[in-house]
Amino acid sequence: MSGMEKLVIREGKKEDCTQIRGLIQELADYEKTPDGPKISADTLIQDGFGEKQFFHTFVAEIDSKLVGFSLYFYAYSTWEGRAVYMEDIYVQPDYRGKGIGTKLWKSVVGAGLAQGCTRCNFQVLNWNAPSIDYYKRQGATDISESEGWLAFRMT
């Protein structure tokens with residue numbers, strides 16, 4: 001792909017939020033939940049760059065266009081202490097298979113390690129075989145298989 005030499009992985013900034021919101025919608029469409037995202041770019045600005053920062057993000061940028069992002073926050077394990085949780089990672093289809101997702105993921109892990117985190121948690125949809133296979137190749141453990149954990153949500 002031409003332009004890969006211009007790839008920049010960097011921390012997101014509030015000016016990126018409109019493009020990040022567009023990427024979130026693309027991810028929702030891919031995950032077969034197009035009506036899922038309820039937040040706006042303004043919500044991202046407030047929650048990611050406001051007085052209390054609820055999340056952090058890395059973006060993949062080529063020629064001023066965002067082609068991917070990872071969104072994460074810090075958590076705490078009563079067994080192991082500091083942890084980082086990767087909420088989402090997404091790379092546009094035309095840019096997949098070029099190492100961009102790996103760079104975004106490693107950026108999250110690196111940020112966690114810099115804060116003394118002992119692990120990176122994340123979820124993958126059970127039908128997303130390419131992602132499941134990728135993470136397993138990277139050494140991730142499916143704790144639903146190995147430890148029996150199930151994910152729940154209260155709204």
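The structure this text deals with has already been given above.
Residues numbered from 1 in each chain as written. Predicted model: local features only at pLDDT ≥ 70, side-chain atom pairs only at ≥ 80, totals over all residues. Heavy atoms only, no water.

Draft legend 1. Examining the sheet that holds strand E2 (residues 56-62) more closely. In spatial order, the strands read E1-E2-E3-E4-E5; together these 5 strands make up an open sheet with mixed pairing. Where the open sheet ends on each side, the last strands, each with one partner, are strand E1 (8-11) and strand E5 (120-121). Bridge count between E1 and E2: 4 bridges; the pairing is antiparallel. Paired with Glu11 across the bridge in E2 is Phe58. Contacting E1, E2, strand E3 (65-77), strand E4 (81-91) and E5, helix H3 (residues 100-114) crosses the sheet at an angle of about 160° to E4. (Pairing = 2+ DSSP bridges. Helix = DSSP H or I, 4+ residues; strand = E, 2+ residues; numbered from the N terminus. Contact = heavy atoms within 4.5 Å. Axes fitted to C-alpha atoms, helices over the stretch in contact; angles between N-to-C directions.)

Draft legend 2. Local environment of a nonpolar patch on the surface. On the surface, a cluster of nonpolar side chains totalling about 250 Å² of accessible area is made up of Tyr30, Leu125 and Trp127. If you trace the backbone, Trp127 turns up in the loop between E5 and helix H4 (129-137). (Patch = residues over 30% accessible without salt bridge, like charges linked within 9 Å, V, L, I, M, F, W, Y side chains within 5 Å. Areas by Shrake-Rupley, 256 points an atom, 1.4 Å probe, with all protein chains shown as cover. Salt bridge = Lys/Arg side-chain N within 4 Å of Asp/Glu carboxyl O.)

Draft legend 3. Region of interest: the pairing of E3. Here E2 pairs with E3 via 7 bridges, running antiparallel. Across the sheet, the residue bridging to His56 is Tyr72, located in E3. Counting the residues in the hairpin turn of E2 and E3 gives 2 residues, including Asp63, whose phi is positive at 50°. Note: E3 against E4, 10 bridges, orientation antiparallel. Considered in E4, the bridge of Ser77 is made with Gly81.

Draft legend 4. Structural view of the pattern of salt bridges. One pass over the structure, following the stated rule, counts 5 salt bridges. Ionic pairing is found between Lys6 and Asp63, a salt bridge with its closest N-O pair at 3.9 Å. With Lys6 in the segment before E1 and Asp63 in the loop between E2 and E3, the pair connects residues that are 57 residues apart, well separated along the chain. Judged by its relative accessible area of 47%, Lys6 is partly exposed. (Buried < 20%, exposed > 50% of the residue type's maximum accessible area, 1.4 Å probe, protein only.)

Draft legend 5. Quick peek at the environment of Gly22. Tracing the chain through its elements places Gly22 in helix H1 (residues 17-30). The spatial distance from the C-alpha of Gly22 to the C-alpha of Ser40 is 9.5 Å, given a sequence separation of 18 residues.

Draft legend 6. Structural view of the packing of H1 against helix H2 (residues 41-49). Their axes nearest at 8 Å, the elements H1 and H2 cross at an angle of 110°. Taken as axis vectors, H1 and H2 run roughly perpendicular relative to one another. The crossing of H1 and H2 is right-handed. Across the interface between the two elements, Cys17, Thr18, Ile20, Arg21 and Ile24 from H1 touch Ala41, Leu44, Ile45 and Phe49 from H2. Here the residues of the contact of H1 with H2 are counted per class, giving 7 nonpolar, 1 polar and 1 charged. (Parallel < 35°, antiparallel > 145°, perpendicular 65-115°, else oblique. Left-handed = near helix turned anticlockwise from the far one by under 90°. Nonpolar A, V, L, I, M, F, W, Y, C, P; charged D, E, K, R; others polar.)

Draft legend 7. Quick look at the packing of aromatic side chains. On inspection of all chains with the given rule, the structure shows 9 aromatic pairs. Their ring planes at 70° and their centres at 6.1 Å tell us that Trp105 and Tyr134 sit as a pair that is edge-to-face. Linking Trp105 in helix H3 with Tyr134 in helix H4, this pair joins segments that are 29 residues apart in sequence. Of the aromatic side chains, those joined through ring pairs into one cluster are Trp105, Phe122, Tyr134 and Tyr135. Against the face of Trp127 rests Lys32, its NZ or CZ located 4.2 Å from the ring centre. Lying over the aromatic face of Phe54, Lys52 brings its terminal NZ or CZ to 5.6 Å of the ring centre. (Phe/Tyr/Trp six-rings, centres within 6.5 Å; stacked < 30°, edge-to-face > 60°. Lys NZ or Arg CZ within 6 Å of the ring centre and 35° of its normal.)

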